Amino acid sequence: MYEHLFRKIKNFPKEGQGIMDITRFLANSGAFNYAIEKISANIPSADLILGIEAYGFVIGAAISSHLNIGFVPIRK
């Protein structure tokens, strides 16, 4: 449904590696809210949400806010 909002970037940050660009997804409030609601619905019970670096900070914070529980950012 929202696949067009994600873009694969090959050979970044270096040759043979790649990343998924989610900036268009984050900019689309309908898609972002839909994803947060769907993910949150699959978390039966939790006291905290842990988010690992970059995307995990953004997505994890939104999920914890939606579930009204705490958020802990984790760095490498």
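Quick caveat, the model's predicted, so the values are computed rather than measured.

Draft legend 1. Structural context of the pattern of salt bridges. Counting across every chain of the model gives 2 salt bridges. A salt bridge links Arg7 to Asp21, with the nearest nitrogen and oxygen atoms 2.9 Å apart. Residue Arg7 is found in strand β1 (residues 7-10), and its partner Asp21 is found in strand β2 (residues 18-21); the two are separated by 14 residues along the sequence. A salt bridge links Glu53 to Arg75, with the nearest nitrogen and oxygen atoms 3.6 Å apart. Placement of Glu53 in helix α3 (residues 53-67) and of Arg75 in the segment after β4 (70-74) is noted, with a sequence separation of 22 residues between them.

Draft legend 2. Examining the packing of aromatic side chains more closely. Enumeration according to the criterion identifies 3 aromatic pairs in this entry. Ring centres of Phe6 and Phe25 lie 5.0 Å apart, and the angle between their planes is 25 degrees; this geometry places the pair in the stacked category. With a gap of 19 residues between them, Phe6 in the segment before β1 and Phe25 in helix α1 (residues 23-27) connect regions that are remote in the sequence. Owing to a relative accessible area of 32%, Phe6 belongs among the partly exposed residues under this scheme. One aromatic cluster in this structure is built from Phe6, Phe25 and Phe32.

Draft legend 3. A look at a nonpolar patch on the surface. Together, Leu48, Leu50, Ile52, Val72 and Ile74 make up a nonpolar patch on the protein surface, roughly 430 Å² of accessible area in all. Elements supplying a minimum of two residues to the nonpolar patch: β3 (48-52) and β4. Of all the elements, β3 adds the most residues to the nonpolar patch, at 3 residues. Within the element layout of this structure, Ile52 appears in strand β3. What makes Ile52 exposed here is its relative accessible area of 57%.

Draft legend 4. Geometry of the confidence of the model for the protein chain. For the protein chain, per-residue confidence averages 95 on the pLDDT scale, and residues scoring 70 or more make up 100% of the total. When pLDDT is averaged over each element of the protein chain, β4 comes out on top at 98 and β2 at the bottom at 94.

Draft legend 5. Highlighting the environment of Lys10. The topology assignment puts Lys10 in strand β1. With relative accessibility at 69%, the residue Lys10 sits in the exposed group. Apart from residues lying up to four places away in sequence, Lys10 is in contact with Gln17 and Gly18.

What counts as what
Residues numbered from 1 in each chain as written. Predicted model: local features only at pLDDT ≥ 70, side-chain atom pairs only at ≥ 80, totals over all residues. Heavy atoms only, no water. Salt bridge = Lys/Arg side-chain N within 4 Å of Asp/Glu carboxyl O. Helix = DSSP H or I, 4+ residues; strand = E, 2+ residues; numbered from the N terminus. Phe/Tyr/Trp six-rings, centres within 6.5 Å; stacked < 30°, edge-to-face > 60°. Buried < 20%, exposed > 50% of the residue type's maximum accessible area, 1.4 Å probe, protein only. Patch = residues over 30% accessible without salt bridge, like charges linked within 9 Å, V, L, I, M, F, W, Y side chains within 5 Å. Areas by Shrake-Rupley, 256 points an atom, 1.4 Å probe, with all protein chains shown as cover. pLDDT = per-residue confidence, 0-100. Contact = heavy atoms within 4.5 Å.

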